[in-house]
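Structural features, examined
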Amino acid sequence: MSWEYLCDLLSGVNKYSTGIGRIWVAVVFMFRLLIYVAAAENIWKYEHDEFECNIKQPGCENVCFDHFFPVSHIRLWALQLIIVSTPSLLVVFHVAYRENREKHNQKLYKNPGKIDGGLLCTYLISLILKTGFEIVFLVLFYKLYNGFKIPRLVKCDIRPCPNTVDCYISKPTEKMIFLYFLVATSCLCIILNLSELSYLIFKHSLKCHLKKYMKKQQ
Amino acid sequence: MDWGALHTILGGVNKHSTSIGKIWLTVLFIFRIMILVVAAEKVWGDEQEDFVCNTLQPGCKNVCYDHFFPISHIRLWALQLIFVSTPALLVAMHVAYRRHEKKRQFRKGDKKCEYKDIEEINKQRFRIEGSLWWTYTSSIFFRLIFEAVFMYAFYFMYDGFRMPRLMKCNAWPCPNTVDCFVSRPTEKTVFTIFMIAVSSICILLNVAELCYLLTKFFLRMSKKVGNSKHQPNHENKEETKQNEMNELISDSCQNTVIGFSS
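Per an unreviewed UniProt entry, chain B carries the name Gap junction protein and comes from Formicarius rufipectus. UniProt lists a comment for chain B under the heading Sequence similarities (unreviewed entry), and it reads "Belongs to the connexin family." A UniProt comment under Subunit (unreviewed entry) is attached to chain B, and it reads "A connexon is composed of a hexamer of connexins."

As annotated in an unreviewed UniProt entry, chain A carries the name Gap junction protein and comes from Formicarius rufipectus. The UniProt entry for chain A carries this comment under Subunit (unreviewed entry): "A connexon is composed of a hexamer of connexins."

1. Thoughts on the nonpolar core
Formed by 118 residues in total, the largest nonpolar core has its most connected members in Phe51, Trp77 and Phe178 of chain A together with Trp3, Phe51 and Phe69 of chain B. Examining the composition of this core, we find that 17 residues originate from one element, helix 2 (residues 19-43) of chain A, more than from any other. Membership of the second largest hydrophobic core comes to 11 residues, among which are Tyr16, Val95, Leu119 and Leu197 of chain A.

2. Re the UniProt feature "transmembrane region" (unreviewed entry) in chain A
Residues and elements named next belong to chain A. Those residues carrying the UniProt feature "transmembrane region" (unreviewed entry) are residues 20-39, 77-97, 118-142 and 177-202 in this numbering. Structurally, residues 77-97 is divided into 90% helix and 0% strand, and its ends, taken at the C-alpha atoms, are 32 Å apart. As annotated, residues 118-142 has a helix share of 100% and a strand share of 0%, and its two end C-alpha atoms lie 36 Å apart.

3. Considerations on the interface of chain B and chain A
Taken together, the 31 residues of chain B in the interface contact 34 residues of chain A. With both chains or domains summed, chain B and chain A bury close to 2,900 Å², and 66% of this area falls on carbon and sulfur atoms. In this assembly, chain B and chain A are joined by 2 salt bridges. Note that glutamate 174 of chain A is salt-bridged to arginine 75 of chain B, the shortest N-O span being 2.8 Å. Counting the contacts that link chain B with chain A gives 8 residue pairs in polar contact (both at pLDDT 80 or more). Considering every element that reaches the side of chain B that touches chain A, the biggest residue donor is helix 4 (residues 73-85) of chain B, with 6 residues. Residue composition of the side of chain B that touches chain A, grouped by class: 18 nonpolar, 8 polar and 5 charged.

4. Examining the packing of helix 5 (residues 87-108) of chain B against helix 7 (residues 131-158) of chain B
The packing of two helices is summarised by the inter-axis angle and the distance between the axes. Residues and elements named next belong to chain B. Where helix 5 meets helix 7, the axes come as close as 7 Å, and the angle between the chain directions of the two elements is 165°. One element, helix 5, and the other, helix 7, form an angle in the roughly antiparallel class. Between helix 5 and helix 7 lies a crossing whose hand is right-handed. Contacts between helix 5 and helix 7 involve Pro87, Leu90, Val91, His94, Val95 and Arg98 from the former and Ser131, Leu132, Thr135, Tyr136, Ser139, Phe142, Arg143 and Phe146 from the latter.

5. Section: the state of the cysteines
Residues and elements named next belong to chain A. The final tally for this structure, using the stated rule, is 6 disulfides over all chains. There is a disulfide in this structure between cysteine 60 and cysteine 161, and the S-S distance comes to 1.9 Å. Taking the torsion about the sulfur-sulfur bond, which here is approximately 105°, the covalent link between cysteine 60 and cysteine 161 counts as right-handed. On the criterion of sequence distance, the pair formed by cysteine 60 in helix 4 (residues 60-68) and cysteine 161 in the loop between strand 2 (153-156) and strand 3 (165-168) is long-range, its members being 101 residues apart.

6. As for the UniProt feature "domain: Connexin N-terminal" (unreviewed entry) in chain B
Mapped onto this structure's residue numbering, the UniProt feature "domain: Connexin N-terminal" (unreviewed entry) falls at residues 42-75 of chain B. Span residues 42-75 of chain B is 41% helix and 6% strand, its end C-alpha atoms 13 Å apart.

7. A word on the UniProt feature "domain: Connexin cysteine-rich" (unreviewed entry) in chain A
Mapped onto this structure's residue numbering, the UniProt feature "domain: Connexin cysteine-rich" (unreviewed entry) falls at residues 133-200 of chain A. The distance separating the terminal C-alpha atoms of residues 133-200 of chain A is 20 Å; by composition the span is 60% helix and 12% strand.

8. What to know about the side chain of asparagine 193 of chain A
All names here are of chain A. Following the sequence through the fold, asparagine 193 ends up in helix 8 (residues 172-217). The class for asparagine 193 is buried, based on a relative accessible area of 1%. Those residues in contact with asparagine 193, other than ones at most four positions away along the chain, are Trp24, Leu127, Lys130 and Thr131.

9. Topic: the UniProt feature "domain: Connexin cysteine-rich" (unreviewed entry) in chain B
The feature "domain: Connexin cysteine-rich" (unreviewed entry), as annotated in UniProt, sits at residues 146-213 of chain B in this numbering. The straight-line gap between the two end C-alpha atoms of residues 146-213 of chain B is 20 Å; of that span, 62% is helix and 12% is strand.

Conventions used here
Along each chain, residue indices are assigned from 1 in the same order as the chain's sequence is written. As they are written, the chains are lettered A onward and the ligands numbered 1 onward, keeping that order. The model is predicted, so local features are restricted to residues of pLDDT at least 70 and side-chain atom pairs to those at 80 or more, both for listing and for counting; the totals for chains, interfaces and linings are taken over all residues. Excluded from the side-chain calculations are hydrogens and water; all other atoms, namely the structure's heavy atoms, are used. UniProt positions are given in the numbering used here, feature names are shortened, and annotations may be inferred rather than shown by experiment. The nonpolar core is taken to be a set of buried Ala, Val, Leu, Ile, Met, Phe, Trp, Tyr and Cys residues, with the residues joined through side-chain atoms within 4.5 Å. Accessibility here uses a 1.4 Å probe with only protein chains present; expressed as a share of the type maximum, an area under 20% marks a residue as buried, one over 50% as exposed, and anything in between as partly exposed. Here a helix means four or more residues in a row that DSSP labels H or I, a strand means two or more in a row labelled E, and each is numbered from the N terminus. Whether two residues are in contact is decided by their heavy atoms: any pair within 4.5 Å suffices. Once two parts are joined, some of their accessible surface, as seen by a 1.4 Å probe, is lost; buried area is that loss totalled over both. We define a salt bridge as a side-chain nitrogen of Lys or Arg found within 4 Å of a carboxyl oxygen belonging to Asp or Glu. The definition of a polar contact used here is a pair of N or O atoms within 3.5 Å, where within protein one atom must be able to donate a hydrogen and the other to accept one, and adjacent residues in sequence count solely through side-chain atom pairs. Note on residue categories: nonpolar means Ala, Val, Leu, Ile, Met, Phe, Trp, Tyr, Cys or Pro, charged means Asp, Glu, Lys or Arg, and polar means any other residue, Gly included. Axis lines are fitted to C-alpha atoms, over the contacting stretch for helices. Their N-to-C directions set the angle, which ranges from 0 to 180 degrees. Orientation is classified from the angle alone, with under 35 degrees giving roughly parallel, over 145 giving roughly antiparallel, 65 to 115 giving roughly perpendicular, and any other angle giving oblique. Handedness of a helix crossing follows the sense of rotation of the near helix relative to the far helix, less than a right angle counterclockwise being left-handed and clockwise being right-handed. Pairs of cysteine sulfur atoms within 2.5 Å are identified as disulfides in what follows.

The structure is reproduced here in structure tokens:
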């Protein structure tokens, strides 16, 4: 089980997406998943080993690291990628449900993958959930780490450290660059989701208005 | 998800590329991505562990390493490869859009559609003309810009392409100017120069492809202009011949003349 599973999932979702949805999938693949696997993972690989405190007291480094990094950036990043991709499954399930109904001759659809009726509601809900999760994770990053900065030095005075001790984080600049990259791609995905939402709502309200107008004419 | 997935995505674009584009893709995969994964990552694998400073002061090594390597060479290369590969997605999306339109026409039962089944549409190779030409040319242009930007960023950040053996550092908490030694500097210099050389080759290939596409475009334009100039003269000669034949045969050939001149 690895990121390939998520890739297969998203490729399946791609089939039932709008044009903007496909751009979203491409951005997630290329700029988030690939960057995570190819570059970011290695930066945070030895973060605990390379975290150094100016003290010989056993346990002090462990306790300080745990205090400053309750959940590592890279793990939050992975969680974010998984949770943000999951709402798209709702659409896949709904299409599978439609196809199942067709198989059992309960209802015939012109095209089970077409975004209308109930599938439109599911699609809109998945977009709102995706956007919501992105925002939640960005806020979580901000609150947990006091902004998106990673300092070179942190001061720690938790037991068993005997006094206020200087602790040095490894590769802070590189981590910060990739953190900003994560934030930028998250914001891009939020913008894409909101555009897709507005586009779908606009398209379908226009369709409804046209139908009403045609009915009035008749 | 790894570089293999990128290979699958770009492999699809390969079908619709020019010959130079196919060479570029091969160079990208064999001499850049494969070298990065198979060799370069191992050379830079222990870079911080084996970065040694001549001091026992805790934290000095971390701070000095961070000062001299704000972003590691290997990460910069990975970013460069990803950004340079992304414009090809524009072409992939355009091709997918065209296929989608053709499939829609086919499903509607359009008589203009010359395909026998959907599989044929999926396998078809589109020629680089019309709007696809513009998408393809823009993608090459963006590739060039990204390559140039990353090469410059490299040169700017590391003051050239050489990896020194020794760096002098006096960032706090280092108590004085401390000697810090980089691990495997010669090997890293060799790989850096190799990657820069291959980047330059890719830039040359992209420039060549751009020139080739522009030349083809202008040739096509001049052919069209040439054809539209010659066509009326040619038609006049044919009409005179036909008129002579018609006079010899019968009056009913007038329909043919009208058909011919239109």
